[in-house]
Amino acid sequence: MDQSLTNIPKRQAADEEVARQIVQRLWNFCNLLRDDGVSYSDYLEQLTYLLFLKMAHEATLPPRRRPSPVPPDCDWPSLLARKGDALEAHYVKVLTTLSKQKGMLGLIFRKAQNRIRNPALLQQLIVELIDKQQWSAMSADVKGDAYEGLLERNARDIKSGAGQYFTPRALIQAVVEVVAPRLGETVADPAAGTGGFLLAAYRHLSAQKPDKEQARHLKHHALHATDNVESVARLCAMNFLLHGIEPARLDAAPQDLPVRLGDSLAHPDANHYDVVLTNPPFGRKSTMRLSSTPAVSDESEGAKDDESDDLTVQREDFWVSTRNKQLAFVQHVKTMPKVNGRAAMVLPDNVLFETGAGEKIRRKLLAECDVHTVLRLPTGIFYAQGVKANVVFFDRKPGAATPWTKRLWVYDLRTNKDFTLRTRPLRREDLDEFVRCYNPANRHDRTATWSEATPAGRWRSFAYDELVVRDKCNLDITWIPDADLASSEKVPDPDVLLDHMTEDLRAALEQLEAVQADLARRRAG
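Summary of the structure given here. Just so we're clear, the structure is a prediction, and the values are computed from it rather than from any experiment.

**As for the overall build of the protein chain**
Right, on to step 1. Looking only at helices and strands, one finds 20 helices and twelve strands in the protein chain.
Right, on to step 2. Excluding contacts between residues fewer than 6 apart, the proportion of contacts in the protein chain whose partners are at least 24 apart in sequence is 76%.
Right, on to step 3. Put simply, the protein chain shows about 24,600 Å² of open surface, and 51% of that area lies on carbon and sulfur atoms.

**Section: unusual backbone geometry**
Right, on to step 1. Cis geometry marks the peptide bond from Pro62 to Pro63; its omega dihedral reads 5 degrees.
Right, on to step 2. Secondary-structure assignment places Pro63 in the loop between helix H3 (40-58) and helix H4 (76-80).
Right, on to step 3. One non-glycine residue, Lys472, adopts positive backbone phi at about 60 degrees.
Right, on to step 4. For Lys472, the position within the fold is in the loop between helix H17 (464-468) and helix H18 (483-486).
Right, on to step 5. For Lys472, a relative accessible area of 29% corresponds to the partly exposed category.
Right, on to step 6. Even without being glycine, Cys473 reaches a positive phi, approximately 55 degrees.
Right, on to step 7. Along the chain, Cys473 turns up in the loop between H17 and H18.
Right, on to step 8. Cys473 sits in the buried class, given a relative accessible area of 0%.

**Topic: the packing of helix H8 (residues 140-156) against helix H12 (residues 230-242)**
Right, on to step 1. Across the interface, H8 lies against H12 with an axial gap of 8 Å and an inter-helix angle of 155 degrees. In terms of orientation, H8 and H12 fall into the roughly antiparallel class. Residues Ala140, Lys143, Gly144, Tyr147, Glu148 and Leu151 of H8 touch H12, and the partners they reach there are Leu235, Met238, Asn239 and Leu242.
Right, on to step 2. Tallied by class, the residues present in the contact of H8 with H12 amount to six nonpolar, two polar and two charged.

**Describing the packing of helix H13 (residues 325-335) against helix H15 (residues 357-368)**
Right, on to step 1. With their axes 10 Å apart at the nearest point, H13 and H15 run at an angle of 20 degrees to one another. By the criterion of interaxial angle, the relationship of H13 to H15 is roughly parallel. As for how H13 packs across H15, the hand of that crossing is left-handed. Facing Leu327, Val330, Gln331 and Lys334 of H13, the residues of H15 in contact are Ala357, Gly358, Ile361, Leu365 and Glu368.
Right, on to step 2. The residue inventory of the contact of H13 with H15, partitioned by class, reads five nonpolar, two polar and two charged.

**Remarks on the packing of aromatic side chains**
Right, on to step 1. Overall, the coordinates contain twelve aromatic pairs when judged by the stated rule.
Right, on to step 2. Their ring planes at 65 degrees and their centres at 5.4 Å tell us that Phe393 and Tyr438 sit as a pair that is edge-to-face. One end of the pair, Phe393, is in strand S10 (residues 389-396); the other, Tyr438, is in helix H16 (residues 432-438), and 45 residues separate them in sequence.
Right, on to step 3. For the ring pair Tyr411 and Trp459, a centre distance of 6.2 Å and an interplane angle of 50 degrees mean the geometry is tilted.

**Thoughts on the pairing of strand S9 (residues 369-376)**
Right, on to step 1. S9 sits mainly inside the fold: eight of its eight residues count as buried.
Right, on to step 2. Bridge count for S9 against S10 is seven bridges, and the pairing is antiparallel. Residue pairing across strands places Val374 opposite Val392, the latter belonging to S10.
Right, on to step 3. One ladder, built from four bridges, connects S9 with strand S11 (residues 407-412); its direction is parallel.

**A word on the pattern of salt bridges**
Right, on to step 1. Enumeration over the complete set of coordinates arrives at 28 salt bridges.
Right, on to step 2. For Asp349, the salt bridge is made with Arg414, and the minimal N-O distance between the two is 2.7 Å. Placement of the pair is Asp349 in the loop between strand S8 (337-348) and helix H14 (350-353) and Arg414 in the loop between S11 and H16, with a sequence separation of 65 residues.
Right, on to step 3. One salt bridge connects Glu368 with Lys364, and the closest N-O pair in it is separated by 3.9 Å.

**Quick word on empty space enclosed by the protein**
Right, on to step 1. Tallied over the entire structure, the rule returns three cavities of 30 Å³ or more.
Right, on to step 2. Forming the boundary of the largest cavity are Val330, Leu347, Val351, Leu352, Ile361, Arg362, Leu365, Leu366, Val371, Val392 and Leu475.
Right, on to step 3. Residue contributions to the lining of the largest cavity peak at four residues, all from H15.
Right, on to step 4. Residue classes in the lining of the largest cavity are distributed as ten nonpolar, no polar and one charged.

**Overview of the pairing of S11**
Right, on to step 1. The buried count for S11 comes to five of six residues, which makes it a mostly enclosed element.
Right, on to step 2. Across five bridges, S11 lies against strand S12 (residues 459-463) in antiparallel orientation. Across the sheet, residue Arg407 finds its bridge partner in S12, namely Ala463.

**Points about H12**
Right, on to step 1. End to end, H12 covers 19 Å across 13 residues, agreeing with the expected 18 Å (1.5 Å per residue, within 8%).
Right, on to step 2. Taking burial as the measure, the 13 residues of H12 include eleven buried ones, the bulk of the element.
Right, on to step 3. Inspection of H12 places Val232, Ala233, Arg234, Leu235, Cys236, Ala237, Met238, Asn239, Phe240, Leu241 and Leu242 among the buried residues, and these make up the whole buried set.
Right, on to step 4. Here the buried face of H12 lies against H3, helix H6 (103-108), H8, helix H10 (196-206), strand S2 (223-227) and strand S3 (259-261).
Right, on to step 5. Gly244 sits one or two positions beyond H12 and adopts a positive phi of about 90 degrees.

The rules behind these values
- Residues numbered from 1 in each chain as written.
- Predicted model: local features only at pLDDT ≥ 70, side-chain atom pairs only at ≥ 80, totals over all residues.
- Heavy atoms only, no water.
- Helix = DSSP H or I, 4+ residues; strand = E, 2+ residues; numbered from the N terminus.
- Contact = heavy atoms within 4.5 Å.
- Areas by Shrake-Rupley, 256 points an atom, 1.4 Å probe, with all protein chains shown as cover.
- Buried < 20%, exposed > 50% of the residue type's maximum accessible area, 1.4 Å probe, protein only.
- Axes fitted to C-alpha atoms, helices over the stretch in contact; angles between N-to-C directions.
- Parallel < 35°, antiparallel > 145°, perpendicular 65-115°, else oblique.
- Nonpolar A, V, L, I, M, F, W, Y, C, P; charged D, E, K, R; others polar.
- Left-handed = near helix turned anticlockwise from the far one by under 90°.
- Phe/Tyr/Trp six-rings, centres within 6.5 Å; stacked < 30°, edge-to-face > 60°.
- Pairing = 2+ DSSP bridges.
- Salt bridge = Lys/Arg side-chain N within 4 Å of Asp/Glu carboxyl O.
- 1 Å grid on protein atoms, 1.4 Å probe; cavity = no way out; pocket = protein on both sides within 12 Å on 5 of 7 lines; lining within 4 Å.
- Points joined across faces, edges and corners; volume = space filled by probe spheres on them.
- Expected span 1.5 Å × (residues − 1).

What follows is the structure in structure tokens.
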């Protein structure tokens, strides 16, 4: 066997240990700053600014000698040359100046502010932690893993609220593996968070040994992230840079950056992509109403009275109007892939069974796309408590006279499974059977593990005709006997039993509100 191949696991282990040590050092300093009133999120933001400046300076040194995108009076040496109050004042000036720049620089430093008010601690962070490390000498994997480690630490901090932007890495890896992006393809995430799905796609593509032109495309043009939260888009952009993903020019126009700041739901994407991977926010309500064309508008879903000052956005490519962000994202993601492009999106249970607009969207999606797979996720794997979610996989298709979905395959990873974030986290090997059943090499050749003889089998398919006759086209499908429900000794949580009833009542209330709003408008008119 080639000796270089046998050394790969050793190198990977060494890289992981280096990344772990860096995370630990940086996080230990964060605990010191906490005593000075700096939150985890604020610390991570300041690290992002300083890491960018240090790496931009390193790139100007031999052997790379690249011109710096940072103005000379705002560069890393200008910080090292100052101490005490002069350092803090200059750092504030640097952040203010860079926040006005264009391109990737402007995105990372957008509305940047200094959160470290103690000059001594600021100097210690700059001189003792960041300057002593030669970041450019590290591989992209080490830098990227270290930064992602910090992001995950931040996600664990319940008070920061960062967990809502963090999808379990084991799940991301499995989803990317089965969707299987190929070199030369484009991959997008309209709710990218800190970039987890896209970075996993980048690793998957990098492992395919790209040639020079393919590597250039992968670095500059393959990945497309969008998020509407400034601080999150900043973290995503830095995460990309640390992994070696950047625009061809750092001063590129906003539409040419790999990370864009904006609300994906506000308008159709200007491009179409080969692959779309996303975990949209779990919150139900949006501050804007997404309105479809009048002919198909569903005013029963989420309408309010005529005194509401919520922004109404016209999306003629939507099937129904909605203020439910998850239902809006389903419609938006459907529009994003190229014809025959692939999509996978994490969605909460209510999207699979909600009445009104939810039912209309499910029927449309089954008819106009090939909705071929649903992965029912276990509880206890997200930082947001109590989330029940699924991954829905579909291919976009051209117009046709008959429905594109022929058979939906469902893998139940939830029933009789027990996961927690701390004591029993989801691991990649927990998804091995799903990946085998999915059969990414040829998803049209699948074998069920369920049968009447094996009722606990987790992999089962349902024909299109079976799906559309289900009550309200409910796709929240389960068949495995629940051990908790079967046991007379354990009473199930009432929240579990009333889950669907609550969603139906909420939908009914929204319909009544819509009728009330319509009557109010007619009286006013």
